[in-house]
Amino acid sequence: MRVGILGSGLMGAKLGTLFARAGHKVVFSYARSEQKLKRLAREAKGAARAATPAEAARDADAVLFAVHWSRLDDVLKRAGDLAGKVIITCALPMNASDTALLIAHASSGAEALAKKLPRAQVVSAFGTVPSEVFFDVFDARRKAKRSSLLYCGDHQAAKDVAATLIRDVGFDPVDAGPLRIARYLEPFALLMGQLAYEGDEGPEIAYRFERFGR
Ligand SMILES: NC(=O)c1ccc[n+]([C@@H]2O[C@H](COP(=O)([O-])OP(=O)(O)OC[C@H]3O[C@@H](n4cnc5c(N)ncnc54)[C@H](OP(=O)(O)O)[C@@H]3O)[C@@H](O)[C@H]2O)c1
C-alpha cells in the first residue's frame, strides 16, 4: 500500500517507519523541519520518502492523520483534496495543554474529523496505545499472543485497509464497530496514557482482550 503520513512526530514517525518495514510505500510529511522528514525516510529502511502533505496524500491508499488537535485545520488545508481517501486517525481531540478532551460524550475527535471530510472514509485506530510501545509490538509480531488494537469506522473497505496496517505493525485488530464508538475509544486512550506516563513501569504498555464462553 501507499501510505501518506500527515504529522511525523512521535506517532507518525514510528508508525510510518513500521509501515515501511512491513513493505508499504510511505511518504512522511508535516514536521517543522524538512531535514527531519528526510532523515525519517532514510532511516525507515524501506520504500519511504519525504514530501509535502499534499504530495503525501495525493496517491495514498491510506493517510495516517497524526497531528495535535490544534493543527487540524492547518494540516487539512495543506493536504488538499482528501475526497475518497481512507483516513486513519490516531489524533485525540486534546486541549492545548493536553489535559482534557475538547470533544467527548456526544461526539469524538474521529467524528469531528469525518464531519470536516464528508467525502473521505475515516477510521479511528492506533490512538489507544502510547507511541513508545510500537517497536516492541512489531518485534513481538510472530508470537502466538498478540496485543489487541481497537479500531472503528463506518466504511468496511476502509476498515479492512486499517486492519491490514494494524496487523502489519504486529497487533491483533479488534473491530469496535462504527465511528461513533470513538466516543469510547478516545477516553480509553487517556486511560492508557495514565498507565503509560503516570506509573513507575514505563510507557511501553499495550493491552489484550480475551473472550470466554465459546
Ligand atoms: N504520542 C502518543 O503516544 C500518542 C498516543 C495516542 C494518541 N496520540 C495522538 O496522536 C496525535 C499525534 O501525537 P504525537 O505525539 O505524534 O504528536 P507530535 O509528536 O507533537 O507530532 C506532531 C507532528 O506535527 C508536527 N507539527 C507541529 N506543529 C507544526 C507546524 N506548525 N508545522 C508543521 N508541522 C508541525 C510536528 O513537527 P515536529 O516533528 O517538527 O515536532 C510533528 O511532526 C495527537 O493528536 C495525539 O493526541 C499520541
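Structure first, text after, so check above.
Residues numbered from 1 in each chain as written. Predicted model: local features only at pLDDT ≥ 70, side-chain atom pairs only at ≥ 80, totals over all residues. Heavy atoms only, no water.

**Things to note about the overall build of the chain**
Okay, step 1: Looking only at helices and strands, the chain has 8 helices and 8 strands in total.
Okay, step 2: At 16 Å, the chain has a C-alpha radius of gyration in line with the 17 Å of a compact globule built from 214 residues.
Okay, step 3: The principal-axis extents of the C-alpha atoms in the chain amount to approximately 45 × 40 × 35 Å.
Okay, step 4: Across the 214 residues that make up the chain, the buried fraction comes to 49%.
Okay, step 5: Counting contacts in the chain only where the partners sit at least 6 residues apart, residues at least 24 apart contribute 70% of the total.
Okay, step 6: Surface accessibility of the chain: about 10900 Å² in total, with carbon and sulfur atoms responsible for 49%.
Okay, step 7: Charge-centre separation for the chain: the mean point of 31 positive side chains lies 5 Å from the mean point of 24 negative side chains. (Helix = DSSP H or I, 4+ residues; strand = E, 2+ residues; numbered from the N terminus. Rg over C-alpha atoms; globule rule 2.2 N^0.38 Å. Buried < 20%, exposed > 50% of the residue type's maximum accessible area, 1.4 Å probe, protein only. Contact = heavy atoms within 4.5 Å. Areas by Shrake-Rupley, 256 points an atom, 1.4 Å probe, with all protein chains shown as cover. Lys, Arg positive; Asp, Glu negative; His and termini not counted. Charge placed at Lys NZ, Arg CZ, Asp CG, Glu CD.)

**Focus on the side chain of Lys85**
Okay, step 1: The topology assignment puts Lys85 in the loop between α4 (72-79) and β5 (86-89).
Okay, step 2: Asp59 provides the closest opposite charge to the buried, salt-bridge-free Lys85, at an N-O distance of 5.9 Å.
Okay, step 3: For Lys85, the side chain forms a polar contact with the main-chain oxygen of Arg58, separated by 2.7 Å.
Okay, step 4: Excluding anything up to four places from it in sequence, Lys85 contacts Ala57, Arg58, Asp59, Ala60, Arg119, Ala120 and Gln121. (Salt bridge = Lys/Arg side-chain N within 4 Å of Asp/Glu carboxyl O. Polar contact = N/O pair within 3.5 Å; in protein donor to acceptor, adjacent residues only side chain to side chain.)

**Regarding the pairing of strand β7 (residues 148-153)**
Okay, step 1: Here β7 lies mainly inside the structure; 6 of its 6 residues are buried.
Okay, step 2: A two-sided burial pattern is seen for β7, the buried positions comprising Ser148, Leu150 and Cys152 on one face and Leu149, Tyr151 and Gly153 on the other.
Okay, step 3: In the sheet, β7 pairs with strand β8 (residues 172-175) via 4 bridges, with the strands oriented parallel. When the bridges of β8 are listed, Leu149 appears paired with Pro173.
Okay, step 4: In this fold, the crossover linking β7 to β8 by way of helix α7 (residues 156-169) has right-handed handedness. (Pairing = 2+ DSSP bridges. Right-handed = clockwise from strand over helix to strand, strands pointing away.)

**Description of the side chain of Ser29**
Okay, step 1: For Ser29, the location among the structural elements is in strand β2 (residues 25-29).
Okay, step 2: Given a relative accessible area of 0%, Ser29 falls into the buried group.
Okay, step 3: One polar contact links the side chain of Ser29 to the main-chain carbonyl oxygen of Ile5, over a distance of 2.7 Å.
Okay, step 4: When neighbours within four sequence positions are excluded, Ser29 is seen to be in contact with Ile5, Leu6, Gly7, Ser8, Leu37, Ala51, Thr52, Pro53 and Ala56.

**Side note on the packing of aromatic side chains**
Okay, step 1: Considering all chains together, one arrives at 5 aromatic pairs under this definition.
Okay, step 2: The interplanar angle of 80° and the centroid separation of 6.2 Å between the aromatic rings of Phe126 and Phe134 together place this pair among those described as edge-to-face. With respect to class, Phe126 is no different from Phe134; both count as buried.
Okay, step 3: Ring plane angle 85° and centroid distance 6.1 Å describe the contact between Phe134 and Phe171, whose orientation is recorded as edge-to-face. (Phe/Tyr/Trp six-rings, centres within 6.5 Å; stacked < 30°, edge-to-face > 60°.)

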